[in-house]
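Survey of secondary and tertiary structure
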Amino acid sequence: MTAATGAARTAHPERPGRSDGVSSEFTVFTRIKPGEADALREDLATLSDAADDERVHAAVRQIGTLHDARHVIFDDDTRFMFASVFDGSWDTYIDDFAQTVVGARFDKVFSHSEGFPGVADPGAKDWFVAHQAPAGVFVSAYPDLTVQQIYKDQRVDEAFQDVLDTDEFRAALDNPANAELVATPAFQKLLAEASA
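On a predicted model such as this, the values are computed, not experimentally measured, just so you know. (Residues numbered from 1 in each chain as written. Predicted model: local features only at pLDDT ≥ 70, side-chain atom pairs only at ≥ 80, totals over all residues. Heavy atoms only, no water.)

1. So, the environment of Ala83
Basically, it comes down to this: Strands here are runs of E lasting at least two residues and helices are runs of H or I lasting at least four, both read from the DSSP assignment and numbered beginning at the N terminus. Residue contacts follow a heavy-atom distance rule, with two residues in contact if any of their heavy atoms lie within 4.5 Å.
Position of Ala83 among the secondary structure elements: in strand β4 (residues 79-87). Measuring from C-alpha to C-alpha, the distance between Ala83 and Ala37 comes to 18 Å, with 46 residues separating the pair along the chain. For Ala83, the residues in contact, after removing those within four places along its chain, are Phe26, Thr27, Asp68, Ala69 and Arg70.

Here's what the structure looks like:
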């Protein structure tokens, strides 16, 4: 179930992380600068409030590879963890953050970590690698689906559900001229999946 390290899928064999299908995990552990845990907590609260912010969601869609992300303060306010799941190469994932509004928020949050150079700094990738710890096990519920495929599936499902709700579709199902098509196993499976 758990594939080899994500490093095998990138041009940089030194990149840590595990993959399952098209997705890889990214987990970073840092030391919080002394006395900055409360400031980090405030920045995370601001980030959390901004989770509904259209600009953040637009940036996440623009990046187009992020499945999920979480931030955790632990060890009596001395350590910080950022963990996420993404599609594609590790390097592209890091580069994409630097080019959107998410990069500025990344900078703000990680500025409370010891030694963080800034997401746009040429040394940022080395810093992340030095603080990254690969998961012992990483399993995806949908290993063959990229974020883009999930977005497309959602759009197709919404459009199909709209069609199912029309009187015209009901009339087409009841029309004897369509009986042969409606009776096919593929069409019956489609209707069953749509109603599940």
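Next, the rest of the story.
2. Remarks on the pairing of β4
Here is the rule: Buried residues are those whose accessible area, probed at 1.4 Å on protein chains only, stays under 20% of the maximum for their type, while exposed residues exceed 50% and partly exposed ones sit between those limits. Any two strands are treated as partners once DSSP identifies two or more bridges connecting them.
Most of β4 sits inside the fold, with 8 of its 9 residues counted as buried. Looking at chain direction, strand β3 (residues 66-74) and β4 are connected through 8 bridges and run antiparallel. Paired with Asp68 across the strands is Val85, a residue of β4. What sits between the antiparallel neighbours β3 and β4 is a turn of 4 residues, in which Asp75 has the positive phi angle 50°.

3. Quick look at the side chain of Ser24
Our working rule: Polar contact is the term for a pair of N or O atoms within 3.5 Å; when the atoms are in protein, one must be able to donate a hydrogen and the other to accept it, and sequence-neighboring residues count only if both atoms are side-chain atoms.
For Ser24, the position within the fold is in strand β2 (residues 23-31). Polar contacts involving the side chain of Ser24 include one to the side chain of Ser19, which spans 2.7 Å.

4. Brief notes about the layout of surface pockets
Sizing a probe to match a water molecule and rolling it over the atoms shows the empty space that remains. Counted only if it meets this: Note on definitions: the grid is 1 Å and covers protein atoms alone; a cavity is a set of points where a 1.4 Å probe fits but cannot get out; a pocket is an open set with protein on both sides within 12 Å along at least five of seven lines; lining residues have an atom within 4 Å of a point. Grid points are joined across faces, edges and corners, and a volume is the space filled by probe spheres set on the points. Residue polarity follows a fixed list, in which Ala, Val, Leu, Ile, Met, Phe, Trp, Tyr, Cys and Pro are nonpolar, Asp, Glu, Lys and Arg are charged, and the others, Gly among them, are polar.
If you add up the space inside the largest pocket, you get close to 590 Å³. As for the largest pocket, its lining consists of 24 residues, of which Val56, Val60, Leu66, Asp68 and Ala69 are closest to the centre. In terms of residues, the lining of the largest pocket owes the most to one element, β3, which gives 5 residues. A breakdown of the residues in the lining of the largest pocket according to their chemical character gives 17 nonpolar, 4 polar and 3 charged.

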